[in-house]
Amino acid sequence: MVRSLILVQHARQFGVLAFAVLLSFAGLGGLARANPMLLVDMDTLEVLSAEDAGLPWHPASLTKLMTAYVTFEEIAKGTVSLDTPVVLSRHAINQAPSKSGLPVDSALSMQDALYVMLVKSANDVAMGIAETVGGSEAGFVAKMNDAASRMGLTASHFANPNGLDDPEQRMSARDLAVLALYIRKSFPQYDPIFGTEAVQLGGKRLESENQLLTKFAGTTGMKTGFICASGLNMVATVERNGRRLLAVVLGASSGRDRNERAAELMLRGFSGSAGGTGQSVLGLANSPGVAPVNMRPQICGKQAAAYVKAQEAAFPMGLKGQPSYLNDVVAAATYMATDLGRIRANIALPRPRPMHLPAFPAVAGAAELRPGLSVAVDDGVPFPRPRPSFSN
């Protein structure tokens, strides 16, 4: 059993006392479930570890990885640029949180919008990018599904650009790993975005939920996501000693659970204890046509308390009094974005002001009314006679 091997590794790392505690917790995990997880060597594409990797899942904000990829493609084609203004329409502003906090008609450059979308996971900005790049939400979603088809993401279908709850929105851990690899290999110039921990936008600091960025050395990105139907999801990439690994964790019960599991996968991969399957991630089988798992009862419903308790018992890493894999201190990368202000679309610009014409013709002659201002006077026109005196 994989968890038994993990416990043995914990014992080696943290000692006999911690091992005994972990064993006691492991015996309580009857209600816990093993959610999809995947570990891939980014250079060889070998699958080092996989669990339910082809199972369709609600990707939540991991959807924004595809939103970013489609945008990168359009920038490469020249249809938009990093300087293109992204204006937040009323439809964009009406998206559910997480959001940027900007008012309707606010604008960001495409570059700044990509940072806010990927770091803060702002749903309004994701919609703004989609409307800017695709002309409409539907036009952009068509581009997303076209890209998924070209990549061979057979368990994936997109209904919106931000990952908000939709029964038709689905991806597998395998498809997420392939998408992440496409981004890294096709568009490495955008790597810094995925490794950024916070965006400063005006007086607001918009922070990432990826704790590996500041607590796990070598982390280079990428994205987190959450809706009730999905649980807490993550795609993470780490580079150490020349090796680059990619982990996918889906359906975690908390941010702690998500981050610690991803870190554990990475450590197993770097230490060699994950072994390896000899199989390419491209060869992993999906389960297309299957409805995505709905985690709402366990995450936001009546089963939530019992589910979280069982998950904590099965995997207590990072809980109070328990060891953690997130012990490094890494400087946070921060990006400064600029609010371009409010830009109204489809508003006619004011007509140009008419050229100024003097209201009265110039008086002929050369009389000087005040120093530096002369008026020409026609000598043939007599000046008025002085007023008569009425004295007796």
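Residues numbered from 1 in each chain as written. Predicted model: local features only at pLDDT ≥ 70, side-chain atom pairs only at ≥ 80, totals over all residues. Heavy atoms only, no water.

1. Concerning the overall build of the protein
Moving on, step 1. Within the protein, the secondary structure is distributed over 13 helices and twelve strands.
Moving on, step 2. Here the protein, with 392 residues, has 48% of them falling under the buried criterion.
Moving on, step 3. As presented, the protein carries roughly 19000 Å² of accessible surface, and 57% of it is formed by carbon and sulfur atoms. (Helix = DSSP H or I, 4+ residues; strand = E, 2+ residues; numbered from the N terminus. Buried < 20%, exposed > 50% of the residue type's maximum accessible area, 1.4 Å probe, protein only. Areas by Shrake-Rupley, 256 points an atom, 1.4 Å probe, with all protein chains shown as cover.)

2. Observations regarding the layout of surface pockets
Moving on, step 1. If you add up the space inside the largest pocket, you get close to 350 Å³.
Moving on, step 2. Around the largest pocket, the lining comprises 27 residues; the ones closest to its centre are Ser-61, Lys-120, Ser-121, Glu-209 and Thr-224.
Moving on, step 3. Among the elements of the structure, helix H5 (110–120), helix H9 (191–194) and strand E7 (219–227) are those that each provide at least two residues to the lining of the largest pocket.
Moving on, step 4. With six residues, the single largest contributor to the lining of the largest pocket is E7.
Moving on, step 5. Across the lining of the largest pocket, the residue classes tally to eleven nonpolar, eleven polar and five charged. (1 Å grid on protein atoms, 1.4 Å probe; cavity = no way out; pocket = protein on both sides within 12 Å on 5 of 7 lines; lining within 4 Å. Points joined across faces, edges and corners; volume = space filled by probe spheres on them. Nonpolar A, V, L, I, M, F, W, Y, C, P; charged D, E, K, R; others polar.)

3. Some thoughts on the packing of helix H6 (residues 123–134) against helix H7 (residues 137–151)
Moving on, step 1. Running from N to C, H6 and H7 cross one another at 85 degrees; their axes reach a closest spacing of 7 Å. The pairing of H6 with H7 is recorded here as roughly perpendicular in orientation. Between H6, through Met-127, Ala-130, Glu-131, Val-133 and Gly-134, and H7, the contact on the second element is made entirely by Glu-137, Gly-139, Phe-140 and Lys-143. (Axes fitted to C-alpha atoms, helices over the stretch in contact; angles between N-to-C directions. Parallel < 35°, antiparallel > 145°, perpendicular 65-115°, else oblique. Contact = heavy atoms within 4.5 Å.)

4. Focus: the sheet that holds strand E8 (residues 231–240)
Moving on, step 1. Across the sheet, which stays open at both edges, the five strands sit in the order E2-E1-E9-E8-E7 with antiparallel pairing between neighbours. In this open sheet, the two strands that pair with only one neighbour each are strand E2 (47–51) and E7. In this sheet, adjacent strand axes meet at a mean angle of 10 degrees when their direction is disregarded.
Moving on, step 2. As defined by bridge partners, E7 adjoins E8 across eight bridges and the pair is classed as antiparallel. For Thr-219, the partnering residue across the bridge sits in E8 and is Val-238. (Pairing = 2+ DSSP bridges.)

5. Some thoughts on the pattern of salt bridges
Moving on, step 1. In this structure the tally under the stated criterion is 14 salt bridges.
Moving on, step 2. Salt-bridge contacts for Arg-150 lead to Glu-73; the nearest nitrogen and oxygen are separated by 2.9 Å. Taken as a pair, Arg-150 in helix H7 and Glu-73 in helix H3 (residues 63–77) lie far apart in primary sequence, 77 residues in all.
Moving on, step 3. For Arg-150, a relative accessible area of 48% translates into the label partly exposed.
Moving on, step 4. Under the relative-accessibility criterion, Glu-73 is labelled buried at 16%.
Moving on, step 5. Across the salt bridge formed by Asp-146 and Arg-150, the nearest N and O atoms sit 2.9 Å from each other. Of this pair, Asp-146 and Arg-150 both sit in helix H7, four residues apart, which is roughly one turn of that helix.
Moving on, step 6. One continuous salt-bridge network, built from bridges that share partners, spans Glu-73, Asp-146 and Arg-150. (Salt bridge = Lys/Arg side-chain N within 4 Å of Asp/Glu carboxyl O.)

6. Remarks on the nonpolar core
Considering soluble globular proteins, one finds that nonpolar side chains tend to be buried as a cluster.
Moving on, step 1. Residues Leu-38 and Met-66 are the most contacted members of the largest nonpolar core, which totals 72 residues.
Moving on, step 2. Judged by nonpolar contacts, the second largest core, of 20 residues, contains Leu-48, Met-234, Ala-236 and Met-266. (Core = buried A, V, L, I, M, F, W, Y, C linked by side-chain atoms within 4.5 Å.)

7. Details of the sheet that holds strand E10 (residues 334–337)
Moving on, step 1. Spatial strand order, E6-E5-E10: three strands in an open sheet with mixed pairing. Two strands in the sheet have a free side with no partner beyond their single neighbour: strand E6 (204–207) and E10. The sheet shows a mean angle of 25 degrees between the axes of neighbouring strands, taken without regard to direction.
Moving on, step 2. Direction of pairing for strand E5 (residues 198–201) relative to E10: parallel, over a ladder of four bridges. Paired with Leu-201 across the bridge in E10 is Ala-337.

8. Overview of unusual backbone geometry
Moving on, step 1. Cis geometry marks the peptide bond from Pro-97 to Ser-98; its omega dihedral reads 10 degrees.
Moving on, step 2. By secondary structure assignment, the location of Ser-98 is in the loop between helix H4 (90–93) and strand E4 (107–109).
Moving on, step 3. Here the bond from Gly-221 into Met-222 is cis, since omega is 15 degrees, no more than 30 degrees from zero.
Moving on, step 4. Here Met-222 lies in strand E7.
Moving on, step 5. One non-glycine residue, Leu-45, adopts positive backbone phi at about 70 degrees.
Moving on, step 6. Positive phi, close to 55 degrees, is recorded for Asp-52, a residue that is not glycine.

9. Describing the packing of aromatic side chains
Moving on, step 1. Inspection of the entire model under this criterion finds seven aromatic pairs.
Moving on, step 2. Arranged with centres 3.6 Å apart and planes meeting at 0 degrees, the rings of Tyr-115 and Tyr-335 form a pair that is stacked. In this pair, Tyr-115 is assigned in helix H5 and Tyr-335 in strand E10, connecting sequence segments 220 residues apart. This pair shows no difference in class: Tyr-115 is buried, exactly as Tyr-335 is. (Phe/Tyr/Trp six-rings, centres within 6.5 Å; stacked < 30°, edge-to-face > 60°.)

10. With respect to the pairing of E7
Two faces, one strand: in a regular strand the side chains alternate between the faces of the sheet.
Moving on, step 1. Taken across its nine residues, E7 has seven buried, putting it largely inside the fold.
Moving on, step 2. The hairpin turn running from E7 into E8, its antiparallel successor, is three residues long.

11. A word on the environment of Pro-36
Moving on, step 1. Position of Pro-36 among the secondary structure elements: in the loop between helix H2 (16–26) and strand E1 (37–41).
Moving on, step 2. Along the sequence, Pro-36 and Asp-52 sit 16 residues apart, while their C-alpha atoms lie 4.7 Å from each other.

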